[in-house]
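Analysis of the macromolecular model
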Amino acid sequence: MCRLALKTASIPFSPYSVLQAMEAMQEGYDGSGLGLLLRGLKFTDYTYRKKDPVLSGIAHSEKALHRLNAFMQDKGFSKTYDHEFDVDFSRIEAKDRHKYFLRVYKVPAAWARYSQEKIDDELMLTRLALRKDGENHNSDLTVFSFWPDVAMIKEVGWPLGVGEALGLNDDRIMARVVMAQGRQNTNWGINLYACHPFFIQGIATMTNGENTAFVPIKDWLTGMHYPGYIGYQSDSEVFAHILHYVLRRLKLPLEAYKHVITPLKTEELKLHPQGDFLMGLRNVCRRFIIDGPNAVIGSLPDETCILVMDHKKLRPATIGGKPGEWAIASEMSGVDAMIPDRDRSLDFQPMRENMVIVPPTRQEFRICSQFDQLPPAQAA
Amino acid sequence: MLSIRPTATSPSSLTIPDLQWIINHREDRCTLCGKCTSVCPTEALYLAYRRQRMPKLDILKNKRGNEYRIFTGIRQRTDVGHRCIGCAMCAQVCPNEAIAPAPNPNDPRARFFFNERGEPQKRGGRKNSRESLLDRIIFNRISMLTDPALDAGRHEFEMNTLLGRILPPAEYLHRKATGAWIPPVREVFPFIIGSMSFGALSPNMWLGLLQGVAYCNEVLGIPVVMATGEGGCPPWVLKSPYLKYIILQIASGYFGWDEIIRAIPDMQCDPAAIEIKYGQGAKPGDGGLLMWFKVSKLIARLRGVPEGVDLPSPPVHQTLYSIEESVMKMIQTMSMAWGFRVPVYPKISGSTSAKSVLNNLVRNPYAAGLLIDGVDGGTGAAYNVSMDAMGHPIASNLRECYLELVAQGRQNEIPLFAAGGVGKNGNVTQNGLALIMLGASGVHIGKYIMQSASGCLGSERNRCNVCNLGICPKGITSQNPKIYRRLDPDQVAERVAETFMSIRTEMKKIMAPLGRSQSLPIGMSDAIGIDDSAAAEKLQIKYIC
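Residues numbered from 1 in each chain as written. Chains lettered and ligands numbered in written order. Predicted model: local features only at pLDDT ≥ 70, side-chain atom pairs only at ≥ 80, totals over all residues. Heavy atoms only, no water.

Concerning the overall build of chain A
Helix and strand counts for chain A stand at ten helices and 16 strands. Taking 21 Å as the expected radius of gyration for a compact globule of 380 residues, we find that chain A reaches 20 Å, a close match to that expectation. Expressed along its principal axes, the backbone C-alpha trace of chain A runs to roughly 60 × 45 × 40 Å. Within the span of chain A, comprising 380 residues, buried residues form 65% of the whole. Within chain A, contacts between residues separated by at least 24 positions form 74% of all contacts whose residues are at least 6 apart in sequence. Working note: accessible area of chain A is about 13500 Å², and carbon and sulfur atoms make up 52% of it. (Helix = DSSP H or I, 4+ residues; strand = E, 2+ residues; numbered from the N terminus. Rg over C-alpha atoms; globule rule 2.2 N^0.38 Å. Buried < 20%, exposed > 50% of the residue type's maximum accessible area, 1.4 Å probe, protein only. Contact = heavy atoms within 4.5 Å. Areas by Shrake-Rupley, 256 points an atom, 1.4 Å probe, with all protein chains shown as cover.)

Describing the overall build of chain B
In terms of helices and strands, chain B carries 16 helices and 21 strands. A globule of 545 residues ought to have a C-alpha radius of gyration of about 24 Å, and chain B, at 27 Å, matches this closely. Each principal axis of the C-alpha atoms in chain B carries an extent, and together these give about 115 × 60 × 45 Å. In chain B, which comprises 545 residues, the share counted as buried stands at 56%. The long-range share in chain B, meaning contacts at least 24 apart out of those at least 6 apart in sequence, stands at 75%. For chain B, the exposed surface amounts to about 23500 Å²; the carbon and sulfur share of it is 53%. Averaging the positions of the 61 positive and the 47 negative side-chain charges in chain B gives two centres separated by 7 Å. (Lys, Arg positive; Asp, Glu negative; His and termini not counted. Charge placed at Lys NZ, Arg CZ, Asp CG, Glu CD.)

Observations regarding the packing of aromatic side chains
With the rule as written, the count across this model stands at 27 aromatic pairs over all chains. One aromatic cluster in this structure is built from F77(A), Y105(A), W111(A), Y114(A) and F146(A). A cation over a ring is seen here: R83(B) above F114(B), with NZ or CZ 3.9 Å from the ring centre. (Phe/Tyr/Trp six-rings, centres within 6.5 Å; stacked < 30°, edge-to-face > 60°. Lys NZ or Arg CZ within 6 Å of the ring centre and 35° of its normal.)

Quick notes on the pattern of salt bridges
It is possible for side chains of opposite charge to pair when their charged atoms get near one another. Residue and element names in this part refer to chain B. Counted under the stated rule, the structure contains 58 salt bridges over all chains. The residue R141 makes a salt bridge to D526 at a minimum N-O spacing of 3.9 Å. Taken together, the residues R141 in the loop between β6 (137-139) and β7 (161-164) and D526 in the loop between α15 (489-511) and β20 (528-530) connect sequence positions 385 residues apart. For R141, a relative accessible area of 15% corresponds to the buried category. The class of D526 is buried, set by a relative accessible area of 18%. (Salt bridge = Lys/Arg side-chain N within 4 Å of Asp/Glu carboxyl O.)

A look at the interface of chain A and chain B
Contacts between the two partners involve 34 residues from chain A and, on the opposite side, 40 residues from chain B. Carbon and sulfur atoms supply 54% of the area buried between chain A and chain B, which totals about 3300 Å² over both sides. On the chain A side of the contact with chain B, T212(A), R286(A) and R287(A) bury the most area, a combined 20% of that side's loss. Here chain A and chain B share five salt bridges between them. As a salt-bridge pair, D291(A) and R516(B) come within 2.7 Å of each other at their nearest N and O atoms. In this assembly, chain A and chain B are joined by 21 residue pairs in polar contact (both at pLDDT 80 or more). (Buried area = accessible area lost by both parts, 1.4 Å probe. Polar contact = N/O pair within 3.5 Å; in protein donor to acceptor, adjacent residues only side chain to side chain.)

Points about the pairing of strand β3 (residues 53-59) of chain A
All names here are of chain A. Burial runs high along β3: seven of the seven residues are buried. The two faces of β3 match: P53, L55, G57 and A59 on one face and V54, S56 and I58 on the other face are all buried. Pairing of β3 with strand β6 (residues 141-148) involves seven bridges; the strand directions are antiparallel. Within the sheet, the bridge partner assigned to A59 lies in β6 and is L141. Two strands pair when backbone bridges link them, and β3 and strand β5 (residues 99-106) are joined in this way by six bridges, in the antiparallel orientation. Across the sheet, the residue bridging to S56 is L102, located in β5. (Pairing = 2+ DSSP bridges.)

Overview of helix α9 (residues 354-363) of chain B
Residue and element names in this part refer to chain B. Of all ten residues in α9, seven are buried; the element is thus mostly enclosed. Of the positions making up α9, those classed as buried are A354, V357, L358, N359, N360, L361 and V362. Contacts from the buried residues of α9 go to α8 (323-337), β15 (344-349), β16 (370-373), α11 (394-408) and β18 (416-419).

With respect to the pairing of β5(A)
All names here are of chain A. Judged by how many residues are buried, β5 sits mostly within the fold: seven of eight residues are covered. When strand β4 (residues 78-82) meets β5, the two strands line up antiparallel, connected through four bridges. Directly across from Y81, in β5, lies its bridge partner V104.

Brief notes about the domain arrangement of chain B
All names here are of chain B. Taken as a whole, chain B is organised into domain 1 (16-119) and domain 2 (187-509). When each unit is reduced to the centre of its C-alpha atoms, the spacing between domain 1 and domain 2 is 40 Å. Between domain 1 and domain 2, the residue contacts involve twelve residues of the former and eleven residues of the latter. Regarding the contact of domain 1 and domain 2, the summed buried area is about 880 Å², with carbon and sulfur atoms giving 55% of it. (Domains from an automatic or database assignment.)

A word on the sheet that holds β5(A)
All names here are of chain A. Spatially, the four strands line up as an open sheet ordered β4-β5-β3-β6, and their pairing is antiparallel. Because the sheet does not close on itself, it has two edges, and the strands there are β4 and β6. Sheet twist, expressed as the average angle between the axes of neighbouring strands with direction ignored, equals 30°. (Axes fitted to C-alpha atoms, helices over the stretch in contact; angles between N-to-C directions.)

A few points about the packing of α11(B) against helix α12 (residues 428-438) of chain B
Residues and elements named next belong to chain B. Where α11 contacts α12, the two axes come as close as 9 Å, and the packing angle between them is 30°. Judged on the interaxial angle alone, α12 and α11 are roughly parallel. Of the residues in α12, those in contact with I394, A395, L398, R399 and Y402 of α11 are L435, M437 and L438. (Parallel < 35°, antiparallel > 145°, perpendicular 65-115°, else oblique.)

Considerations on the domain arrangement of chain A
Residues and elements named next belong to chain A. According to the domain assignment, chain A consists of domain 1 (4-40 + 180-369) and domain 2 (49-148). Inter-centroid distance (C-alpha atoms) of domain 1 to domain 2 is 26 Å. On the side of domain 2, 20 residues touch domain 1, which itself brings 16 residues to the contact. Summed over both partners, the interface of domain 1 with domain 2 comes to about 1400 Å²; 58% of that surface belongs to carbon and sulfur atoms. For the domain 1 face of the interface with domain 2, the top three residues by lost area are L192, Y193 and F199, together amounting to 44%. Here domain 1 is connected to domain 2 by three salt bridges. Note that D120 and R248 form a salt bridge whose closest N and O atoms lie 2.8 Å from each other. Along the contact surface separating domain 1 from domain 2 lie five residue pairs in polar contact (both at pLDDT 80 or more). Residue composition of the side of domain 1 that touches domain 2, by class: eight nonpolar, five polar and three charged. (Nonpolar A, V, L, I, M, F, W, Y, C, P; charged D, E, K, R; others polar.)

Let's talk about the nonpolar core
Of all hydrophobic cores here, the largest spans 112 residues; its most connected members are L248(B), L435(B) and F500(B). Setting aside residues no more than four positions away along its own chain, L435(B) makes contact with L134(B), I394(B), A395(B), L398(B), A418(B), V422(B), A440(B) and V443(B). In this structure, L19(A), L34(A), Y100(A) and V156(A) belong to the second largest nonpolar core, which totals 84 residues. (Core = buried A, V, L, I, M, F, W, Y, C linked by side-chain atoms within 4.5 Å.)

Points about the environment of G164(B)
All names here are of chain B. In this fold, G164 is placed in strand β7. The class of G164 is buried, set by a relative accessible area of 0%. As a C-alpha pair, G164 and A91 span 73 residues in sequence and 47 Å in three-dimensional space. When near neighbours in sequence (up to four residues on either side) are disregarded, G164 contacts P184, V185, P343, A368, E413 and P415.

Quick word on unusual backbone geometry
Residues and elements named next belong to chain A. Cis geometry is adopted by the peptide bond preceding P197, which originates at H196 and carries an omega value of -5°. Structurally, the position occupied by P197 is in the loop between β8 (173-181) and β9 (198-200). At D171, a residue that is not glycine, the phi angle is positive and equals roughly 60°. Topologically, D171 is positioned in the loop between α4 (159-165) and β8. Even without glycine at this site, H225 takes up a positive phi of about 55°.

In structure tokens form, the structure reads like this:
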């Protein structure tokens, strides 16, 4: 089963510290891979401008890298920084890795006229075009994310070993939010895209457990014919896409996500102050109801972090920490390892109606209940 | 000279071995009470005086002779009109287990004469075939290690479905914000009692069903709804709070709609939905048919027709010129009659054209769903040929409609309901959930409810199946008070409740091992498989062997 760890802190820290924490949770994962997402980037070799998009992925051959360069140049992107990982290829299980890229680009000058929404769409379409290009060339190019202030790495192997092989312990790259997951999708065929966290337009989630309602959810997302709703090599990818749909396409408040994936029962909604609205929302989003067992851990472009669980709570997760520094993990030992010096009595495991939100200020985490009112301004 | 008379026979002469059902009567047990002859719905049995030769030997006088004894015995008629239908009511009433029908294992040739006077066979029931593709679909995505199986006895299960037009989410939010109309939606149990009309069913049967449905809703918390079929609804029901459990059907004969429209101002609540019947799986392309035997005084009053006349509905609605027009006229008119507070959906028979109907409905914002009734659907009266040879099996018809919606991303907007052969061999929950996982939002069950709740004797081996003649031996489909008083509405209601409680438990027993409890697994096609590769390919599910 997947082991999940998220750490968010006001002061950037090394992702390697989270990988070390993953070791505490090693009982229970097969160490088959690593998925890593960094947000709030800080490079020691480069002063990063927060608006510039970062492209992360793997070129499996020199040819692929050349094609990538040509493509980006053609589109008008100019590379401002290329992070050189100190890679020890001998420690990487897979043998077809040419270059792990983590590059900062300047967007084409013409984009200055674009609305933010259009820029966001263009960034996604660029990532998808590169992904498609790789798929068309015998999967020689893998692109995980292309978004400001987000870097992603996915690789096969023991998580800590992969981190060391990539030289993540050299502190040259730090982040304020790190999401880590310790397994490739061994239930199905190994595919780098099938590894959590999943990412779309700044929104990322990772999940443990199996998504038993996967096929009906996937069918609905696919039928929307939205360019980013593709992939689904893993049944957990839909959680990221549902979150994207709720926030970016329906423009609902974050709290509504929980109402979409695990709506309250009719009897409960009849007593809810916005029961009528929420019952309607449940009906129109019925195909997004998840059945678990899952804990979903996510992060948003503004560095907000979330934790929710399915209704039955068969995959609990814990949040703990202190002002300025919070850890969410699928096992309590993971939280312990990430932030040992905290008041453990304040740790929290959400109940079925809860959604935990750590705001970007990181002074405290908020426990939202589905029985509460949604933020009034946004609720219809 | 001995005169040899020609054998008394005609082309349609039949003898007992020619019949489908043969009465076994044990003379030694019979007390000649006459109960079997009086209960036999087709008068197939009769008391006959017979002469029996008793050989007599007088040894002392060294004389041989005969004596004759006259006795009364039970015999079976062999003419088509009075043939035994295998209902076994004789066995039910016999105090001495002296009589029972048995199916004739030989090739009963009586069926070649079911067209006397040039009138082809008409009957009730459904397609005479026990084959069921649905029975072969099994649930094989079992949660074990990758995710824990749920506890069917202890977890909470959300099993209801939605009946009504669902908006795309963004449209819903927009309309909610602007106060615009939101289509009505009902949360109902996914097993719906399919449309059987007041007229096709006896008053006691109807009352029993309604009582049972009310009990399910109000005591058991199972939101079961039932559809009326064509033929209206008794005025006391229209004006009662139970109307909310009823789907009123309007069909091409418009029977009973005068009463319904007049009752609207006095209604305490809205009906669950309005079903517009364009077609029926048992007799596609035919209108409803209530034969004159069943048009009693009460039925005549309710339907606004004279007593004792055949009531064949036309095959199409008078308003039907094209699907677009029909959908627009009928669905919108019906919606308007209840102030757009009641879902209105069409029912069609399974057909290769179902997808075109569906695509038209998708574009009509008032269409609340689509019910497709497959070839195995039942009826109270139809020509045998329509029942046996017309229509489309439900599984593939439903699946292609669902996949069409999936391709358009509209599967949440127009709920599809499936009917026709659900529970044909008793596996009602399995059949229903198989259809749900193929993409149905729910299923309609008619014949199964008659069999389970009221003891209907009909079968796919052509047992009984005389619903059309008003002589239903159990009183389910008769309008003759002397017959239907056999059926106690309270007992029917009790069986309705038992049936739905059992379906609910079986649903949990299927959903729990699949790891599903929070929503009905509509379209969860990864969970099912079938042992027929061609069917698997057609339905786009797994082939298992």
